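Chain by chain, the residues run as shown.
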Amino acid sequence: MERTAGSTSSIETRRVTLGRVIGAHGLRGELRVRLLDGEDNNLHAMASVWLAREEGDPKAVEARVRAVGSGRRGEARLALEGVDGRDAAEALRGRLVQAAVTELGRLEPGEYYQYALVGCRVEDGSGRVLGVVSGIWETGAPDVLVVVDAQRREHLIPAAREILREVDVAARRITIDAPAGLLDLGESPDRDAE
């Protein structure tokens, strides 16, 4: 469903996280990057990336991309201008590799970037507001939307096609068909008096 996670604030400068530097590869300064979506499609298209210590890092540094190559499963090799040796690459371990939202590739119908879903209102089929997406868990199966309701309770909603009826990113709304029991709001069931 989604391709990336994470974001910074302002629309003009919003960046999404493509992966995290997990170490150096070789002696020439290549970075091993663990990709959030398991594929490096967006990374291959980038002329530059941002290296950030955390989401929303105001001191993130832009770096020009020299080359992107395949790595182990779920990883990419990234060569950046100015990172010329193993020590320089190791110094970047733990940094987030981010891209400007405006540079991300187009998606197929029915696919959404995770950053675009966070903050969307979640409704049931009758229009009842169930909460707002506060985050997304990647589980290996369908991703899970973390939805916070008005009482600040979290509900976990699988982002499966059978449950997500409509996703309207422009309107900031997701309509779901929740199977019985999925949205247990924590109320105690009525019990017969003994």
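A brief structural summary. Counting starts from 1 at the beginning of each chain's written sequence and moves along it residue by residue. pLDDT decides what is reported in this predicted model: residues at 70 or higher carry local features, side-chain atom pairs at 80 or more are listed and counted, and totals for whole chains, interfaces and linings draw on all residues regardless. With hydrogens and water excluded, all non-hydrogen atoms of the structure serve as input to the side-chain values.

**Looking at unusual backbone geometry**
At R152, a residue that is not glycine, the phi angle is positive and equals roughly 65°. What counts as a helix is a DSSP run of H or I of at least four residues, what counts as a strand is a run of E of at least two, and both are numbered from the N terminus. When you line up the elements, R152 lands in the loop between β9 (144–148) and β10 (154–158). Phi at R172 takes a positive value of approximately 60°, unusual for a residue other than glycine. When you line up the elements, R172 lands in the loop between β11 (164–168) and β12 (173–176).

**Details of the pairing of β11**
Sheet analysis places β11 next to β12, joined by 4 bridges and oriented antiparallel. What sits directly across from E166, in β12, is T175. If you look at the hairpin formed by β11 and β12, you'll find 4 residues sitting between the two strands, and R172 has a positive phi there, around 60°. Following DSSP output, two strands are said to pair if at least two bridges run between them.

**Quick notes on the environment of S134**
Looking at the element boundaries, S134 is found in strand β8 (residues 129–137). Separated by 17 residues in sequence, S134 and L117 place their C-alpha atoms 8.7 Å apart. Whether two residues are in contact is decided by their heavy atoms: any pair within 4.5 Å suffices. Apart from residues no more than four positions distant in its own chain, S134 is found in contact with V118, V146 and V148.

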